[in-house]
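# Descriptive structure summary
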Amino acid sequence: VSRAQVVLEKLLFSVFHILVVNAAAVLFSSIAIAAIDVRAEAGKIALIFLSNFIMQLEIMAICFGISACLNKNAIGIGIGVAFGLYFLNILANLEESIEFIGKITPFGYANSGYIIEHGKIDVLPLVIGIVLMGLGVALAFARYTKKDIK
């Protein structure tokens, strides 16, 4: 078994977990929406779920890349990255002079208020997020395949 295969399996297992959690969220949200008979636009609801799914993948990929660079168990890194990005987005929403920071956080495109108002995902932060996701995965593969296993 090659190191690249191990990294790929770790990545796929992480994506699988995110898929399962999101499938459960969609299922139970759909049941709740039907049970309380709320009028909801299915397209906008789907975009909200999709943007949250992509956001979770982005944060996972960033943490995957960071963990490849560390020599110890870094379970707290994921929580720290998620909270850090969340608070950066809050700051960007509160202060116009740093509004651009919101475009580099995954919370910029997973903004349900924006999606409901505009009926779409904000494209610029989404593209930035996809690039960061790719960089995180690429970093993980580059580092894990050469990492000294102790």
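Residues numbered from 1 in each chain as written. Predicted model: local features only at pLDDT ≥ 70, side-chain atom pairs only at ≥ 80, totals over all residues. Heavy atoms only, no water.

### Quick word on the side chain of Ser51
Tracing the chain through its elements places Ser51 in helix α2 (residues 42–68). On the basis of relative accessibility, which here comes to 0%, the residue Ser51 falls in the buried class. A distance of 2.9 Å separates the side chain of Ser51 from the backbone oxygen of Ile48, its partner in a polar contact. Setting aside residues up to four positions removed in sequence, Ser51 forms contacts with Tyr109, Ala110, Ile115 and Ile121. (Helix = DSSP H or I, 4+ residues; strand = E, 2+ residues; numbered from the N terminus. Buried < 20%, exposed > 50% of the residue type's maximum accessible area, 1.4 Å probe, protein only. Polar contact = N/O pair within 3.5 Å; in protein donor to acceptor, adjacent residues only side chain to side chain. Contact = heavy atoms within 4.5 Å.)

### Focus: a nonpolar patch on the surface
A contiguous nonpolar patch, built from Val123, Val127, Val131, Leu132 and Leu135 and spanning about 410 Å² of accessible area, is present on the exposed surface. Within the element layout of this structure, Val127 appears in helix α6 (residues 123–144). (Patch = residues over 30% accessible without salt bridge, like charges linked within 9 Å, V, L, I, M, F, W, Y side chains within 5 Å. Areas by Shrake-Rupley, 256 points an atom, 1.4 Å probe, with all protein chains shown as cover. Salt bridge = Lys/Arg side-chain N within 4 Å of Asp/Glu carboxyl O.)

### Description of the environment of Lys10
Of note, Lys10 is situated in helix α1 (residues 3–36). Sequence separation of Lys10 and Phe64 is 54 residues, and the distance between their C-alpha atoms is 9.2 Å. In contact with Lys10, not counting residues within four places along its chain, are Phe64 and Tyr144.

### As for the nonpolar core
Counting 27 residues, the largest nonpolar core has Met55, Leu57, Ile59, Phe64, Val81, Tyr109 and Tyr144 as the members making the most contacts within it. Sorting the residues of this core by element identifies α1, α2, α3 (75–94), α4 (106–109) and α6 as the ones contributing at least two each. With 12 residues, α2 is the single largest residue contributor to this core. Residue contacts for Val81: discarding those within four places in its chain leaves Ile59, Ile62, Cys63 and Ile66. (Core = buried A, V, L, I, M, F, W, Y, C linked by side-chain atoms within 4.5 Å.)

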